[in-house]
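# Examination of the molecular architecture
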Amino acid sequence: MHTSVHWDVIIIGAGPIGLAAAWNYAREHQDHKILVLEQYALFTQLAGTSGEERHWRLQYSELEIFRLTLEADKLWRQLEQQADRKLIHRIGSLWFGDADVWTNEGQIRQTMLSMDEMRLPYERLTMREIERRYGFTGLDSNYEGFLQQDGGVIDVKGTLTSLYSLASEAGVEFQFQQCVKAVEPDARGATVLTAQHRYRARKVLVAGGPGSKKLLRQLDIDLALSTYEMACISMLRSQRLGANDPFWFAFQPPVESDSNLFYGFPPNPWSVNGFDRLGTDFEVDPITEANAPSYRANPQHVERALEFARRHMPFLEPDKQHSAASCLAVLPTDPARQFYLDSAKGRCHGGEHLVVSAGGWAFKFTPLMGQICADLLAEREPRWDISALRF
């Protein structure tokens, strides 16, 4: 094993953040050599980018994250112009349920207060209004919620394709099927080791999703992250309620077996299959080295989702035809934290040559976090306040 090429920047992980960072750095440093290493293929279903869509929302309970989504919104619009492709479909973001329960998505009541403070328009709704307008039934009459019209869904494959194309056009090189075994920063840069190769770079970005924690632990950087395998079920509709049904998230008190949180996507605007996707947001049974992901939806979680549909979504056909899949979610164990994004300076020997982006429901922040990572790789203070993200 020898080092044949020295790189200015190596990025570990060709997920959305890694691709966005590669493109942003490359277009500002056209004379630099940039390499992206990915252990799978570009459109892998074995990491956190499986499936067709992700929830897009501006609203957050936490104002410091809320401000970042407003900035991310501007960058999404710029990315769509660069890619000449619509990536966010703004069909609306509907939240309903127990307005006082806190979840990993925040709290309905606090989020409405935050929207008021940020002057983001929304429509407050009673449960009766939600049932009448969107077809739900049998939910607690004390539930309430809101519709934020700027929310919606992100085209996952469209985003990855666009960023990969833009990065490639900017001169970024890619090597797939390269599983990184170790990162070794030192006083002059960092060495990246795979089973077959030894790479050398001035700066390295670790944005490898579920594999990031193991790599960083070798450097005595122990981020408080847990990885979960969450279920998503596709079901046919028996009827179409409206031309622009929104994404929805149901905030409910936890039960003994799980967090009792469900969310759903209507048939997405770029697909013709007519399926709804119903997801479970259950942070249970975290994956460990002894409990590897199965890449199959947990049957108990599938049944919980089907039962939710049977009881509350009469416009679906859960017992006629459905399919289930799973998606890995890497989430901070601290409920007060959303993400880890920072330079590793002071955290390990040579940490000033290492940048880390790990954890959280981060797809909606793709262009923003990509730019922040590019700033950190260029040893430049990020142009946005990331104090809530640092570690």
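Sequence order sets the numbering: in each chain, residues are counted from 1 along the sequence as written. Under the rules for a predicted model, residues below a pLDDT of 70 receive no local features and side-chain atom pairs below 80 are neither given nor counted, while totals for whole chains, interfaces and linings still include all residues. Calculated side-chain values reflect all of the structure's heavy atoms, with hydrogen atoms and water omitted.

An unreviewed UniProt entry lists the protein under the name FAD-dependent oxidoreductase, with Serratia montpellierensis as the source organism. UniProt positions are given in the numbering used here, feature names are shortened, and annotations may be inferred rather than shown by experiment. One UniProt comment on the protein, placed under Cofactor (unreviewed entry), says "FAD".

The description of an aromatic ring pair uses the distance of the two centres, along with the angle that the planes make with each other. Each Phe, Tyr or Trp ring, with Trp reduced to its six-membered ring, pairs with another whose centre is within 6.5 Å; inter-plane angles below 30 degrees give stacked pairs, above 60 give edge-to-face pairs, and intermediate values give tilted ones. The tally for this structure, following the rule as stated, stands at 22 aromatic pairs. Ring geometry for Phe-136 and Phe-315: centres 5.9 Å apart, planes at 85 degrees, overall edge-to-face. Here Phe-136, found in the loop between helix H4 (127-134) and strand S7 (144-148), pairs with Phe-315, found in the loop between helix H7 (299-312) and strand S17 (322-332); they are 179 residues apart in sequence, far enough to count as distant. Accessibility assignment for this pair places Phe-136 and Phe-315 in one class, buried. Taken together, the aromatic side chains of Trp-95, Tyr-122, Phe-146, Phe-247, Phe-249, Phe-251, Tyr-263 and Phe-265 make up a single cluster linked through ring pairs. Sitting above the plane of the Trp-23 ring, Arg-27 keeps its charged end 4.0 Å from the centroid. Note that Lys-33 overlies the ring of Trp-7, its terminal NZ or CZ placed 4.7 Å from the centroid. Each helix corresponds to a stretch of at least 4 residues labelled H or I by DSSP, and each strand to a stretch of at least 2 residues labelled E; elements are numbered beginning at the N terminus. Burial classes: relative accessible area under 20% of the type maximum marks a residue as buried, over 50% as exposed, and values in between as partly exposed (1.4 Å probe, protein chains only). Only Lys NZ and Arg CZ are tested; either one counts as a charge over a ring when it is within 6 Å of the ring centre and within 35 degrees of the ring normal.

On to the sheet that holds strand S4 (residues 88-89). Each pair of strands is called paired provided DSSP finds at least two bridges between the two strands. Spatial strand order, S3-S8-S4: three strands in an open sheet with antiparallel pairing. Two strands close off the open sheet at either side, each with one partner strand: strand S3 (53-56) and S4. Pairing of S3 with strand S8 (residues 152-155), which is carried by four bridges, proceeds in the antiparallel orientation. Within S8, the residue paired with Arg-54 across the bridge is Ile-154. Note on contacts: a residue pair qualifies if any of its non-hydrogen atoms lie within 4.5 Å across the two residues. Only C-alpha atoms enter the line fits that serve as axes; for helices the fit covers just the stretch in contact. Angles between N-to-C directions range over 0 to 180 degrees. On the sheet, helix H2 (residues 63-83) packs against S3, S4 and S8 and is oriented at approximately 135 degrees with respect to S3. Sitting on the sheet, helix H5 (residues 156-169) is in contact with S3 and S8, with an inclination near 45 degrees to S8.

Right, let's get into the sheet that holds strand S5 (residues 93-97). Ordered in space as S6-S7-S5-S14-S15-S16-S13-S17, the eight strands form an open sheet in which the pairing is mixed. Each having just a single partner strand, strand S6 (123-126) and S17 make up the two edges of the open sheet. On average, each strand axis in the sheet is inclined to that of its neighbour by 20 degrees, with strand direction left out of account. Where S5 lies against strand S14 (residues 247-251), five bridges are found, and the strand directions are parallel. The partner of Leu-94 across the bridge, within S14, is Trp-248. With respect to the sheet, H4 is in contact with S5, S6 and S7, its orientation differing from that of S6 by roughly 95 degrees. Its contacts with the sheet place H7 against strand S13 (225-236), S14, strand S15 (262-265), strand S16 (275-280) and S17, and it is angled at close to 45 degrees to S13.

Two packed helices can be described by the angle between their axes and the distance between those axes. Across the interface, H2 lies against helix H3 (residues 108-118) with an axial gap of 11 Å and an inter-helix angle of 55 degrees. The orientation of H2 relative to H3 falls into the category oblique. Where H2 crosses over H3, the two elements pack in a sense that is right-handed. Here Leu-63, Phe-66, Arg-67 and Leu-70 of H2 lie close against H3, whose contacting residues are Ser-114, Met-115, Glu-117 and Met-118. Note on residue classes: Ala, Val, Leu, Ile, Met, Phe, Trp, Tyr, Cys and Pro are nonpolar, Asp, Glu, Lys and Arg are charged, and everything else, Gly too, is polar. For the contact of H2 with H3, a count of residues per class yields five nonpolar, one polar and two charged. Orientation is classified from the angle alone, with under 35 degrees giving roughly parallel, over 145 giving roughly antiparallel, 65 to 115 giving roughly perpendicular, and any other angle giving oblique. Crossing chirality is assigned from the near helix's rotation relative to the far helix, an anticlockwise turn below a right angle marking it left-handed and a clockwise turn marking it right-handed.

The subject of this paragraph is H3. Where H3 is concerned, the buried positions are Ile-108, Thr-111, Met-112, Ser-114 and Met-115. Taken around the axis of H3, the buried residues stretch over an arc of 160 degrees, which confines them to a single face. Considering only its buried residues, H3 is in contact with H2, S5, S6, S7 and S14. Arg-119 sits one or two positions beyond H3 and adopts a positive phi of about 55 degrees. By arc we mean the arc of the directions from the helix axis to the C-beta atoms, nothing more.

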